[in-house]
Amino acid sequence: MKSKKFYLTTPLYYVNGSPHIGHAYTSVSADVLARYRRMLGDKVYFLTGTDEHGQKIAKSAHDEGYSDIKAFCDVIVDRFIQVWKLLGISYDDFIRTTECRHEETVKKILDQLYKSGDIYESEYQGWYCLPCETFWLDNQIENNLCPDCRRGVEHIKEKNYFLKISKYKLWLKNYLDDNKDFIQPQSRFNEVYSFLNNELNDLCISRPKDRVSWGISIPFDDRYVTYVWFEALLNYITAPGFLKSDDFSITWPADVHLMAKDILRYHAVYWPIMLHMLDLEPPKMVFAHGWWLMEEGSKMSKSKGNVIDPLKFVEKYGSDSLRYFLLREVSFGSDGSFSEQGFIKRVNSDLANDFGNLVFRTLNMVMKYYDGFIPESESAKSECDSVFKDTVENLNARVNNFMLKLDYQKALECIWQLIALANKYIEVKAPWNLKNNNPKELDHMIYTLSDLIRIILIALAPFM
Ligand code: MSP
């Protein structure tokens, strides 16, 4: 049987600072999905990488004392790679927006869209938020603050190039009508859909070099560089070889783009329209998960400086427990509040007590009563005990049902139901009393418990 391709992505993380737990969250969730799909037999292409152009990055390099911006990016990229390695992120490709393969294709795409008339030149007058690198109109600004990040904006007037987004608004609305599962979770679909009831402005996709020079030159006007968001989104097609490789048509469309809710609009509005302009299909699913907040309720972010360093955390607690906590603690799609106490509580109760005890008690008996060898038991082999039968037989189907919806929390809960049953089985049957009066029953129990642990470990393999 030919294996099915499965293409999934994380956002390309900005390299204006080191990775934090928020970035780790998206990468861990993508990794779990990638590992799960590989176990199903899919041919997975898991893409991640870094977003390296734009004024924000240039400013960070400057603030850190680097005159060579690329050298600064190299240092931060190494930190991302180091954290991904530590967390076991099994990506197949890592793209940096400063790589030739990306720049070349971005330039070809710009040329193509300029020729087709989807890019045009016009005068821009309005407000600009430097940290978000976003333009705003008068009616979107209050008290000279960016509506997104609440930081100060500056007024500017300049010639720029624009992408004719507005022309395709109706097409996108029709597409959403016909593809209700395109944006997940459903509440985010509704948000995007109602956003489209407003006027949709064309997107300014250039920045004059006298203001921002760190970027990809516009091929038909080298006084400008490309707007970071426009080129960064294109990574999802430049990496699998758009305009370069025959394999591109096998890989595209992406099966899942993963991100947090703050950047959903770029992925669910601008990106499908850009693809439509290029005559390409939209991705199959765009999933926006929630934010990890600090206990006081503010979003963990580099620019706020309230981040948790995954390197230090993993050094202290190990990567499996962090991976488990991130996906088990909150429902994927909702916000969560990150605290070390919350982490310790969850890990102690689920990993140490529930699962740890099951494994410890079982292995202890294997050592004590059987010299470290799992006993043979024809009765255990031929029939699963009735208490487990349903849970074991339906485990894969139930986990699969939740994994298709990216409901990691529920998938883990299914696995933990089996762990709870196994612990109860030990308590009720008190195997330590069987050694002398019913050794066959003890063989049966220890074989059954060992087999359950095997089943649980397989189900847990993508997570830990
Ligand atoms: N460079 C853009 C993305 C371009 S994609 C073509 C960007 N980068 S970012 O470094 O700010 O990373 C944003 C992503 O990091 C979020 O969408 C999310 O996946 C992850 N997170 C960053 N902070 C987070 C939290 N506090 N909580 C959850 N996820 C977080 O935006």
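Here's a quick rundown of the structure. A quick note: this is a predicted structure, and the numbers were derived from the prediction, not measured.

When a protein is soluble and globular, its nonpolar side chains tend to lie buried together. Core analysis: the biggest nonpolar cluster contains 145 residues, and Leu163, Ile237, Trp252 and Phe338 have the highest contact counts within it. Excluding anything up to four places from it in sequence, Leu163 contacts Leu113, Asp118, Ile119, Asp202, Leu203, Ile205, Phe230, Met274 and Met277. The next biggest cluster of nonpolar side chains, apart from the first, holds 7 residues, and it includes Trp127, Cys129, Trp136 and Val153.

Here we take up the sheet that holds strand 13 (residues 286-289). The 6 strands lie next to each other as 3-2-1-12-13-7, forming an open sheet whose pairing is parallel. Strands with a single pairing partner mark the edges of an open sheet, and in this sheet they are strand 3 (93-96) and strand 7 (183-184). Sheet topology places strand 1 (residues 5-14) next to strand 2 (residues 43-51); 8 bridges connect them, and they run parallel. Residue pairing in the sheet places Tyr7 in a bridge with Tyr45 of strand 2. Across the sheet, helix 3 (residues 69-86) lies against strand 1, strand 2 and strand 3, angled at about 160° from strand 3, the strand it touches most.

The next point concerns the packing of helix 3 against helix 11 (residues 310-317). Between helix 3 and helix 11, the least distance of the axes is 10 Å, while the angle of their chain directions is 25°. Classified by the angle their axes make, helix 3 and helix 11 are roughly parallel. The way helix 3 lies across helix 11 gives a crossing that is left-handed. Residues Gln82, Val83 and Leu86 of helix 3 form the contact with helix 11, whose own contacting residues are Pro310, Leu311 and Val314.

Attention now goes to helix 10 (residues 264-277). Its 14 residues place the ends of helix 10 19 Å apart at the C-alpha level, agreeing with the 20 Å of an ideal helix rising 1.5 Å per residue. A bend of about 35° at Tyr270 is the largest found in helix 10, and the proline Pro272 appears one to four places after it. Most of helix 10 is tucked away, with 12 of its 14 residues classed as buried. Looking at helix 10, one finds that the buried residues are Leu264, Tyr266, His267, Ala268, Val269, Tyr270, Trp271, Pro272, Ile273, Met274, Leu275 and Met277. At the C-terminal side of helix 10, Asp279 shows a positive phi close to 65°.

Next up on the list: unusual backbone geometry. Residue Pro185 is bonded to the preceding Gln184 through a cis peptide linkage, with omega at -10°. Summarising the element assignment, Pro185 is placed in the loop between strand 7 and helix 6 (186-195). Note the cis peptide between Trp252 and Pro253, where omega equals 0°. In this structure, Pro253 sits in the loop between helix 9 (248-251) and strand 12 (256-260). Although it is not a glycine, Leu243 adopts a positive phi angle of roughly 65°. On the secondary structure map, Leu243 appears in the loop between helix 8 (235-238) and helix 9. On the basis of relative accessibility, which here comes to 41%, the residue Leu243 falls in the partly exposed class. Phi at Ala430 is positive, roughly 35°, even though this residue is not glycine. Along the chain, Ala430 falls in the loop between helix 16 (408-429) and helix 17 (434-437).

Another aspect to go through is the packing of helix 15 (residues 386-404) against helix 18 (residues 439-460). Two numbers describe how helix 15 lies on helix 18: the axes approach to 11 Å, and their chain directions differ by 30°. The pairing of helix 15 with helix 18 is recorded here as roughly parallel in orientation. In terms of crossing hand, the pair formed by helix 15 and helix 18 is left-handed. Of the residues in helix 18, those touching helix 15 at Phe388, Val392 and Leu395 are Thr448, Leu452, Ile455 and Ala459. Looking at the contact of helix 15 with helix 18 residue by residue, the classes come out as 6 nonpolar, 1 polar and no charged.

Along helix 11, the positions that sit buried rather than exposed are Pro310, Phe313 and Val314. The buried side chains of helix 11 occupy one side of the element, clustering within an arc of 95° when seen end-on. Exposed side chains of helix 11 directed beyond 90 degrees from the buried face belong to Lys312, Glu315 and Lys316. The inward-facing, buried residues of helix 11 contact helix 1 (21-40), helix 3, helix 12 (319-329), strand 15 (336-338) and helix 13 (340-370).

On to empty space enclosed by the protein. Counted under the stated rule, the structure contains 1 cavity of 30 Å³ or more. Surrounding the largest cavity, His53, Gly54, Glu133, Arg207, Val212, Trp214, Gly215, Val225, Thr226, Tyr227 and Val228 form its lining. Here the lining of the largest cavity is built from residues that sort into 5 nonpolar, 4 polar and 2 charged.

To continue, consider the site of the ligand. Neighbouring the ligand are 26 residues; Leu12, Tyr14, Thr26, Asp51 and Trp292 lie closest to it. At 2.7 Å from a nitrogen atom of the ligand is found a main-chain nitrogen or oxygen belonging to Leu12. Here Gly22 contributes a backbone N or O atom positioned 3.3 Å from a nitrogen atom of the ligand. Contact with the protein chains removes 96% of the 670 Å² of surface that the ligand exposes when unbound. Listing elements by their share of the shell around the ligand, those giving two or more residues are strand 1, helix 1, helix 7 (228-233), helix 8 and strand 12. The leading source of residues in the shell around the ligand is strand 1, at 4 residues.

A word on the pairing of strand 11 (residues 221-226). As paired elements, strand 9 (residues 206-208) and strand 11 share 3 bridges and run antiparallel to each other. What sits directly across from Arg207, in strand 11, is Val225. Pairing of strand 10 (residues 217-218) with strand 11, which is carried by 2 bridges, proceeds in the antiparallel orientation. Its bridge partner being in strand 11, Ile218 is matched across the sheet by Asp221. If you look at the hairpin formed by strand 10 and strand 11, you'll find 2 residues sitting between the two strands.

Scoring rules and cut-offs
Residues numbered from 1 in each chain as written. Predicted model: local features only at pLDDT ≥ 70, side-chain atom pairs only at ≥ 80, totals over all residues. Heavy atoms only, no water. Core = buried A, V, L, I, M, F, W, Y, C linked by side-chain atoms within 4.5 Å. Buried < 20%, exposed > 50% of the residue type's maximum accessible area, 1.4 Å probe, protein only. Contact = heavy atoms within 4.5 Å. Pairing = 2+ DSSP bridges. Helix = DSSP H or I, 4+ residues; strand = E, 2+ residues; numbered from the N terminus. Axes fitted to C-alpha atoms, helices over the stretch in contact; angles between N-to-C directions. Parallel < 35°, antiparallel > 145°, perpendicular 65-115°, else oblique. Left-handed = near helix turned anticlockwise from the far one by under 90°. Expected span 1.5 Å × (residues − 1). Bend = angle between axes of the 7 residues up to and from the residue. Nonpolar A, V, L, I, M, F, W, Y, C, P; charged D, E, K, R; others polar. Arc of directions from axis to C-beta. 1 Å grid on protein atoms, 1.4 Å probe; cavity = no way out; pocket = protein on both sides within 12 Å on 5 of 7 lines; lining within 4 Å. Points joined across faces, edges and corners; volume = space filled by probe spheres on them. Near = heavy atom within 4 Å. Polar contact = N/O pair within 3.5 Å; in protein donor to acceptor, adjacent residues only side chain to side chain. Areas by Shrake-Rupley, 256 points an atom, 1.4 Å probe, with all protein chains shown as cover.

The values are spatial; any link to function lies outside them.
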